[in-house]
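# A look at the structure
These are the residues of each chain, in order.
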Amino acid sequence: MNILVNGKARNINATELLEVLNELGYGNATIATAVNRCFIPVTARVDITLSENDRLEIVAPMQGS
Amino acid sequence: MISFYEVELTSRLMLGTARYPSPKILKEAIIAAAIEVVTVSLRREAAGGERSGQAFWSLVRELGVRVLPNTAGCHSVKEAVTTAYMAREIFGTSWIKLEVIGEDDTLQPDVFGLVEAARILSDDGFHVFPYTTEDLVVADKLLDAGCRVLMPWGAPIGSGRGLNNVFGLRALRAHFPDVPLVIDAGIGLPSHAAQAMELGYDAVLLNTAVAQAAQPVAMAIAFAAAITAGRSAYLAGPIPTRDMAEPSTPVVGKAFLA
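Below: a short report on this structure. (Residues numbered from 1 in each chain as written. Chains lettered and ligands numbered in written order. Predicted model: local features only at pLDDT ≥ 70, side-chain atom pairs only at ≥ 80, totals over all residues. Heavy atoms only, no water.)

### Quick word on the overall build of chain B
Counted only if it meets this: Here a helix means four or more residues in a row that DSSP labels H or I, a strand means two or more in a row labelled E, and each is numbered from the N terminus. Radius of gyration: over C-alpha atoms. The globule rule applied is 2.2 Å multiplied by the number of residues raised to the 0.38 power. Accessible area is worked out with a 1.4 Å probe on protein chains only. A residue is then buried under 20% of its type maximum, exposed over 50%, and partly exposed in between. By definition, residues are in contact when any of their heavy atoms lie within 4.5 Å. Areas reported as accessible are Shrake-Rupley estimates using a 1.4 Å probe. Residue values count occlusion only from the protein chains shown. The sign given to each residue is positive for Lys and Arg and negative for Asp and Glu; His and the chain ends receive no count. Charge coordinates come from a single atom per side chain, which is NZ of Lys, CZ of Arg, CG of Asp or CD of Glu.
On a plain count of helices and strands, chain B comes out with nine helices and twelve strands. Taken over the C-alpha trace, chain B has a radius of gyration of 20 Å; the compact-globule value for 258 residues is 18 Å, and the two agree within 12%. Its C-alpha atoms put chain B at 85 × 40 × 35 Å along the principal axes. Going through the 258 residues of chain B one by one, you find that 51% of them count as buried. In chain B, 65% of the contacts between residues at least 6 apart in sequence involve partners at least 24 apart. Here chain B displays about 12200 Å² of accessible surface, and carbon together with sulfur accounts for 56% of that area. With 21 positive and 27 negative side-chain charges, chain B shows a spacing of 4 Å between the two charge centroids.

### Examining the packing of helix α1 (residues 23-32) of chain B against helix α2 (residues 52-63) of chain B
Residue and element names in this part refer to chain B. Our working definition: Angular values range over 0 to 180 degrees, each being the angle between N-to-C directions of two axes fitted as lines to C-alpha atoms, with helices fitted over their stretch in contact. Just so you know how the angles are binned, under 35 degrees is roughly parallel, over 145 roughly antiparallel, 65 to 115 roughly perpendicular, and the rest oblique. Here a crossing is called left-handed whenever its near helix is offset anticlockwise from the far helix by less than a right angle, and right-handed whenever the offset is clockwise. Basically, the charged four are Asp, Glu, Lys and Arg, the nonpolar ten are Ala, Val, Leu, Ile, Met, Phe, Trp, Tyr, Cys and Pro, and anything else, Gly included, counts as polar.
The N-to-C vectors of α1 and α2 enclose an angle of 20°; their axes lie 11 Å apart at closest approach. Regarding the angle of α1 to α2, the classification is roughly parallel. The element α1 and its partner α2 pack so that their crossing is right-handed. Taken together, the residues of α2 that come into contact with α1 (itself represented by Pro23, Leu26, Lys27, Ile30 and Ile31) are Phe56, Leu59, Glu62 and Leu63. In terms of residue class, the contact of α1 with α2 is made up of seven nonpolar, no polar and two charged.

### Notes on helix α3 (residues 77-91) of chain B
For clarity, the cut-off: Multiplying one less than the number of residues by 1.5 Å gives the expected span of a helix.
End to end, α3 of chain B covers 21 Å across 15 residues, agreeing with the expected 21 Å (1.5 Å per residue, within 8%). Those residues of α3 of chain B that fall on the buried side of the exposure criterion are Val77, Ala80, Val81, Thr82, Thr83, Ala84, Met86, Ala87, Ile90 and Phe91 of chain B.

### Points about the sheet that holds strand β6 (residues 95-98) of chain B
Residue and element names in this part refer to chain B. Here is the rule: Two strands are said to pair when DSSP picks up at least two bridges between them.
Read across the sheet, three strands follow the order β6-β9-β10 without closing on themselves; strand pairing throughout is parallel. In this open sheet, the two strands that pair with only one neighbour each are β6 and β10 (151-152). Pairing between strand β9 (residues 127-132) and β10: two bridges, direction parallel. Among the inter-strand pairings, Tyr131 is bridged to a residue of β10, identified as Met151.

### Let's talk about the packing of aromatic side chains
Residues and elements named next belong to chain B. Applicable threshold: Stacked, tilted and edge-to-face pairs are distinguished by plane angle, under 30 degrees for stacked and over 60 for edge-to-face with tilted covering the rest, among Phe, Tyr and Trp rings (Trp via its six-membered ring) whose centres lie within 6.5 Å.
Here the structure, examined in full by the defined rule, presents six aromatic pairs over all chains. Judged by centre distance (5.7 Å) and plane angle (70°), the rings of Phe4 and Phe129 are edge-to-face. With Phe4 in strand β1 (residues 2-4) and Phe129 in strand β9, the pair connects residues that are 125 residues apart, well separated along the chain. Just as Phe4 is buried, Phe129 falls in that class too. Ring geometry for Trp57 versus Phe91: centroids 5.0 Å apart, planes at 80°, classification edge-to-face.

### What to know about the pattern of salt bridges
A pair can form between side chains of opposite charge whenever their charged atoms are brought close. Residue and element names in this part refer to chain B. Stated formally: What counts as a salt bridge is simple: a side-chain nitrogen of Lys or Arg found within 4 Å of a carboxyl oxygen of Asp or Glu.
Under the defined criterion, the tally for this structure stands at ten salt bridges over all chains. For Arg148, the salt bridge identified is with Glu6, shortest N-O distance 3.1 Å. One end of the pair, Arg148, is in the loop between α5 (136-144) and β10; the other, Glu6, is in the loop between β1 and β2 (7-9), with 142 residues separating them in the sequence. By relative accessible area, which is 41% here, Arg148 ends up partly exposed. Across the salt bridge formed by Arg242 and Glu246, the nearest N and O atoms sit 3.7 Å from each other. Beyond isolated ion pairs, a larger network of salt bridges with shared partners links Lys97, Glu99 and Asp184.

Here's what the structure looks like:
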C-alpha cells in the first residue's frame, strides 16, 4: 500500500497505524501522529487503519522559540 | 514570584531553545541564567537513522525545566489546534504557546484566528499563552476566550528591535493590571528586556538575542541581570518623565554672584 509519510511516498505492508509506525522504524520513539490532518492519540493508534494514499504525519520534539 | 496558570516561578526570563551553536551551549545558557521555562516545538521526525528530536528531548528532560510548547509556523486555526494536541501528548503539559501567523514578512499574528484557536483550546483544558499584538480589543477577546496570560510582541520575531510601540504596551499594562503579561519576540538587547520590566511587564520570552550572540551563555546571564534590574526598578516606582528641565540641586539659599 502506498501512503505519504511526512510528505514522502512510502510503500508499506501494515495497515493498522501502530503496526505501520513499527514497520517504519519508530519503535518506542517519542512521537505524535496525525492522519489526513487529524490528530491521532497514542491510545487510538490500534484503532486506526490506513488506506491507500493516506497522509501520515509523524512529529517529534524539536528546538523552538 | 510570578504565577502562570497557578504555576509559580522565580525566574522572569523564559528562553527559546532554537538556533544555538550547539546543544551544549544551550544547556549551559539555561543553567547559567537559572531558566525555569523553555519553549519547544514539534517537527517531522525522520524514520530510523538520525533521531535529532529524541536527543533534544532527552537534553531538556535532563535539565528538569518546565516546557512551553509552541505552534510556531502554523498559519491556520486547524493547523495550530492540531499541533497543540500533538504537543500536549508528547510533552505532557497543558501549556501551549499559541501562534497563528497571519503575515510572512513580519510574522504578525492572525489575531482573528488566534482568538478562535484560543477558545477551542481553552475549552478543552489547555492553558494558552497567546502570541499576540498590543491591541487592547484583541487582548480583551483573548481573555474572554479563556486565556489567563497574554504575550504581546515587542517587535517582529527575530528582528532584535526592542519595544516598537512603548505607548501601546504601556496602555496594555494599564488596562489589564491583574493579567500576567509577557513580552514575546523582537528583543535584541538586555536594555530592551529591562525596559519591558520597567513598564511593569511580568516576564520576557526571547530566543535569538541569546542564541545568536557571539557568546550565548554570557548574553543569557546579561539578560537575566537586566530583567532583575528592570523588575526592581518597576517596584521602586520610576519618576514621571517631563518635557522641561527641573533643577535637582536646590536653588534656595544659592549665593548671589551674578
